[in-house]
Amino acid sequence: MYPQKGNVFIVDYKIMEALPTTIMAGKPVPLTAALCLLYLTPAKKLMPIAIQLGQIPSKDKPIFLPSDSEVDWLLAKLYVRHVDTLHGEFVSHLHNTHLTAEVFAMATLRNLPKIHPLYKLLIPFMSTQWPVLLFTVLGETLIIWTGGADEKGPVDLRFTLPS
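Here's a quick rundown of the structure. Predicted model, so just to flag it, every value in this text is computed and none were measured.

### Some details on the sheet that holds strand β5 (residues 46-52)
Pairing in this open sheet of four strands is antiparallel, and the strands run β1-β4-β5-β6 from one edge to the other. Every other strand in the sheet has two partners, leaving β1 (8-12) and β6 (63-64) as the edge strands with one partner each. As paired elements, β5 and β6 share two bridges and run antiparallel to each other. Across the sheet, the residue bridging to Ile 51 is Phe 64, located in β6. The strands touched by helix α1 (residues 70-111) are β4 (35-40), β5 and β6; relative to β5, the strand with the most contacts, the crossing angle is about 95°.

### Quick notes on the packing of α1 against helix α2 (residues 117-126)
Following both chains from N to C, one finds α1 and α2 inclined at 135°, their axes separated by 11 Å at the closest point. Considering the angle they form, α1 stands oblique to α2. α2 is crossed by α1, and the crossing has left-handed handedness. Residues Phe 104, Ala 105, Thr 108 and Leu 109 of α1 pack against Tyr 119, Leu 122, Ile 123 and Met 126 of α2.

### Observations concerning the environment of Trp 73
Along the chain, Trp 73 turns up in helix α1. Take Trp 73: its relative accessible area is 10%, and that puts it in the buried class. When residues no more than four places from it in sequence are discounted, the contact partners of Trp 73 are Pro 48, Ile 49, Ala 50, Ile 51, Phe 64, Leu 65 and Pro 66.

### Let's talk about the layout of surface pockets
Think of a ball as big as a water molecule: rolled over the atoms, this probe shows where empty space is left. If you add up the space inside the largest pocket, you get close to 350 Å³. What lines the largest pocket is a set of 14 residues, and nearest its centre among them are Leu 38, Pro 48, Lys 77, Val 80 and Arg 81. The set of elements that each furnish at least two residues to the lining of the largest pocket consists of β4, β5 and α1. Ranked by residue count, the leading element in the lining of the largest pocket is α1, at six residues. A per-class count over the lining of the largest pocket returns eleven nonpolar, no polar and three charged.

Cut-off values and rules
- Residues numbered from 1 in each chain as written.
- Predicted model: local features only at pLDDT ≥ 70, side-chain atom pairs only at ≥ 80, totals over all residues.
- Heavy atoms only, no water.
- Pairing = 2+ DSSP bridges.
- Helix = DSSP H or I, 4+ residues; strand = E, 2+ residues; numbered from the N terminus.
- Contact = heavy atoms within 4.5 Å.
- Axes fitted to C-alpha atoms, helices over the stretch in contact; angles between N-to-C directions.
- Parallel < 35°, antiparallel > 145°, perpendicular 65-115°, else oblique.
- Left-handed = near helix turned anticlockwise from the far one by under 90°.
- Buried < 20%, exposed > 50% of the residue type's maximum accessible area, 1.4 Å probe, protein only.
- 1 Å grid on protein atoms, 1.4 Å probe; cavity = no way out; pocket = protein on both sides within 12 Å on 5 of 7 lines; lining within 4 Å.
- Points joined across faces, edges and corners; volume = space filled by probe spheres on them.
- Nonpolar A, V, L, I, M, F, W, Y, C, P; charged D, E, K, R; others polar.

Right, here's the structure in full:
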């Protein structure tokens, strides 16, 4: 349950810290495990009030504020938006939807006989998962494991997902 009072929130992307990135033009694509402090305005809009582009503040990872130069603040917000998009795709979507559903579907199909009560209970729900499983397998085959689209992307999935 969300707190009823309070108007300052923090978004922590620590889970993205150890993600290896692809190499573009001889340099690794920057990916930050940012911390973003947000303020909920009376109009119910979340506004960033401080951004740190790393988990531990240092000379190389300062805390950016709206009072910094316009370009610095814009770039800090861009980095946060970038890591938020990747978090949404890899954690919230890929992991929590496709990969989790795949585990239960494959375990059911491989280990339960068709006459098992649990199989009969789960199979109607899995019939809606077949397209999800198909796209997961196609995505793993065409994009992740063959070095396809991820070579142009910011994260090297070949080293983060088990084969």
